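Residue-level structure breakdown
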Amino acid sequence: MAEKLSAETPPNAPAPRVFLRSIVPVAIVFAFAFAVQLAIPSGTYSEKILFDIGVNVILAVSLNIVNGLTGQFSIGHAGFMALGAYGSIVVTYYGGYALFGDVLRHDTVAGYSLYVASMIVGGLTACLAGYIVGLPSLRLRGDYLAIVTLGFGEIIRVLLQATPAVLYPSEMQEVPGISRIFHLGGALGFSHGQSYNSLGFTWGAVAITLLIAYRLRESTHGRAFLSVRENEIAAEAIGVNTTRYKVNAFVLAAFFAGVAGSLFAHQLGAGTASRPEEFNFMRSFEIVIMVVLGGMGSISGAALAATTLTLLTEVLREVQDYRLIAYSLLLIIMMIVRPKGMLGTREIWHLFRSRRSTVNNRRSTFTGEGA
Amino acid sequence: MSSFLQFLFKGISVGSLYALIALGYTMVYGILQFINFAHSDVFMLGAFFSYRLAVKLDWLTPSPIQATALLLMAMAMCAITGFLIERLAYRPLRHAPRLNVLITAIGVSLFIENTGQLIFGKNVIGVRSLPQLPEHVFHIAGIPVRAVEVIAVVTAVALMIGLQALVFGTKIGRGMRAVAIDHNIAGLMGIPVDRIISFTFIIGSALAAAAGLLVALTYGQIKQPADASWVLYGLKAFVAAVIGGIGNLPGAMLGGLLLGLSEQFVAGYLSTTFRDAIAFGLLILILLVRPSGLLGKRVVEKV
């Protein structure tokens, strides 16, 4: 609905309305996150599932910015998630030690502010990596990009596995200040993190991701992304700096993957590790499957597929061995029978609208071909 | 000096196996322009098929003739698998966007891995239960080299020479080259494009099967089908193909050797931890400096 408004509001709309339009969604986001936090007691099974869903939705929706909106093909999203996870846990662990003098969880405003800051640091770490990887490789053709992103994710994993053990507070003095951040626990993982996360943070991040992805697509930048997807040469010819927009999409998606990693790293807390193995290419593939099944380019489709597949994983836990067989068959059959995914480039609410005459429907008929 | 030679020999033997797998990737990429992610699984199947055959026929200490027969049977079975993959999953998508084919390839890969997991079980098959080759040790320039490694290099080189002869000396090879240059024109010239593509998959899969058996013998174990190391091995082979210039057969061999050597030298002189990162580091480097690969031709994107 908001998107329809933005399409029809004249550019010189009165200031109060513009202000309202930008503040209302944010207010709804916070109210929503607060409600989720209150509604679900922590430590329950439903909390775990809702957390998994939240993280997967963020990952799928952010990957959709690259794969769906911009038409590139990244299959190394877990690498960015790993960077976010480690980047943020370094802030809450070593940063927390620098601030508070211990590595415990601080249930204070300062503690949670540190957590929020760590999420941003995690996101920015991933962003930076996205920029470094994206700038050279986005000049290349689609499948080279795929293999580079995949390789990048693996490099991150290998490098993380080579890091020395996490420092205990008693050992902190032996290692001077900033070089502590390289003590990431190696293959065993960063096992001393604190569980700062809760459903409020998770779903707040989900809502912000959805909001930004959505607003982005309706903006000038979003149109540029779509134009790169539809026809790169034509986009270039009308003055769209395609490389820049591809890098932008890549960096933005990396940021949200980093945030998802931060949530992941702070969910379980001390004793449970976020190991480099968690972020191998299988996880990247899972995210890709979500985006593809949902429909490349459909934000609600990606979110829906992420939710469905996460729930399916839980339901099919009994028949674990057959789950991935079913997934992969679904993927192959989907590609042959319905190559655009469940929703194609449409959104869920377009399904309930009459087919004729709306701007969105007309657009979706034009945006058929993915590559 | 002796350790240098040791890394060199080891690098050549690992590299020739990479090259053998890389050939399958490069042929498919040359003709269909997509990364056949399922290739690493055909390679995995090669190891399992030959192991199961050896158990079934009770050839766990095969004579040279039996070993060759084992190799050929595994190659034939994987060739059939490759044919079926192409026929059932890729051919319906011949005119679909490349992205869809790539995703299907990932789907096929996951499917084979997890079905294999059901069929072959989840255990690592250790060195004792594998077909035993004579544990003879050669001495080349004073360096001990295991017989398995020599056999691997010899088999790989023989197969590569055979492939080269096939592609450049036969009618069907000419067809393959024509289809690689342009599908449509090749079709207009009366070349049966679909049959050529099937044939390419058959050849590539057979080579991968040989590599699978040789890798299993070299490392003395077969990991479970869904183990990430299979895919990683396959991806490294793809990187080798890109390094040499994708779509170029001698390039794939050169890339495989280069990758095998650099991995062994890095693992030997620096640290084994970084061995898995070498391939992808090389990939990014080569794509920055010379995106068409060492032996590849520069491709101009056409409108």
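Scroll up to find the structure this text is about.
The sections below set out a description of the structure shown in this document. (Residues numbered from 1 in each chain as written. Chains lettered and ligands numbered in written order. Predicted model: local features only at pLDDT ≥ 70, side-chain atom pairs only at ≥ 80, totals over all residues. Heavy atoms only, no water.)

**Remarks on the overall build of chain B**
From N to C terminus, chain B includes 11 helices and two strands. Order of helices (α) and strands (β) in chain B, N terminus to C terminus: α-α-α-α-β-β-α-α-α-α-α-α-α. With 303 residues in all, chain B has 55% of them scored as buried. Counting only contacts in chain B whose residues sit at least 6 apart along the sequence, the fraction spanning at least 24 positions is 76%. Carbon and sulfur atoms provide 67% of the accessible area of chain B, an area that totals close to 12800 Å². (Helix = DSSP H or I, 4+ residues; strand = E, 2+ residues; numbered from the N terminus. Buried < 20%, exposed > 50% of the residue type's maximum accessible area, 1.4 Å probe, protein only. Contact = heavy atoms within 4.5 Å. Areas by Shrake-Rupley, 256 points an atom, 1.4 Å probe, with all protein chains shown as cover.)

**Quick notes on the packing of helix α2 (residues 39–56) of chain B against helix α4 (residues 98–120) of chain B**
All names here are of chain B. Two elements in contact, α2 and α4, have axes whose closest approach is 10 Å; the angle formed by their N-to-C orientations is 20°. Between α2 and α4, the interaxial angle falls into the category roughly parallel. Crossing geometry of α2 relative to α4 is assigned as left-handed. Along its contact with α2, which presents Asp-41, Met-44, Leu-45, Phe-48, Phe-49 and Arg-52, the element α4 presents Ser-109, Ile-112, Glu-113, Ile-119 and Phe-120. (Axes fitted to C-alpha atoms, helices over the stretch in contact; angles between N-to-C directions. Parallel < 35°, antiparallel > 145°, perpendicular 65-115°, else oblique. Left-handed = near helix turned anticlockwise from the far one by under 90°.)

**Re a nonpolar patch on the surface**
A contiguous nonpolar patch, built from Leu-20, Ile-23, Val-24 and Ile-28 of chain A and spanning about 340 Å² of accessible area, is present on the exposed surface. Looking at where Val-24 of chain A falls in the secondary structure, it is placed in helix α2 (residues 15–39). (Patch = residues over 30% accessible without salt bridge, like charges linked within 9 Å, V, L, I, M, F, W, Y side chains within 5 Å. Salt bridge = Lys/Arg side-chain N within 4 Å of Asp/Glu carboxyl O.)

**Let's talk about the interface of chain B and chain A**
Quite often, the size of an interface is put as the accessible area lost when its parts meet. Taken residue by residue, the interface counts 46 residues in chain B and 40 residues in chain A. Summed over both partners, the interface of chain B with chain A buries about 4000 Å², with 81% contributed by carbon and sulfur atoms. A per-residue breakdown of the area chain B buries against chain A is headed by Leu-99, Ile-103 and Leu-110 of chain B, which together make up 15% of the total. Inspection of the chain B/chain A interface yields zero salt bridges. One can count one residue pair in polar contact (both at pLDDT 80 or more) joining chain B with chain A. Elements that contribute at least two residues to the side of chain B that touches chain A include exactly α3 (64–90), α4, α9 (228–244) and α11 (275–289) of chain B. At 14 residues, α4 of chain B tops the list of elements feeding residues into the side of chain B that touches chain A. Considering only residue class, the side of chain B that touches chain A consists of 33 nonpolar, eight polar and five charged. (Buried area = accessible area lost by both parts, 1.4 Å probe. Polar contact = N/O pair within 3.5 Å; in protein donor to acceptor, adjacent residues only side chain to side chain. Nonpolar A, V, L, I, M, F, W, Y, C, P; charged D, E, K, R; others polar.)

**Focus: the side chain of Thr-202 of chain A**
Its location among the elements puts Thr-202 of chain A in helix α7 (residues 199–217). Within polar-contact distance, the side chain of Thr-202 of chain A engages the backbone oxygen of Ser-198 of chain A at 3.1 Å.

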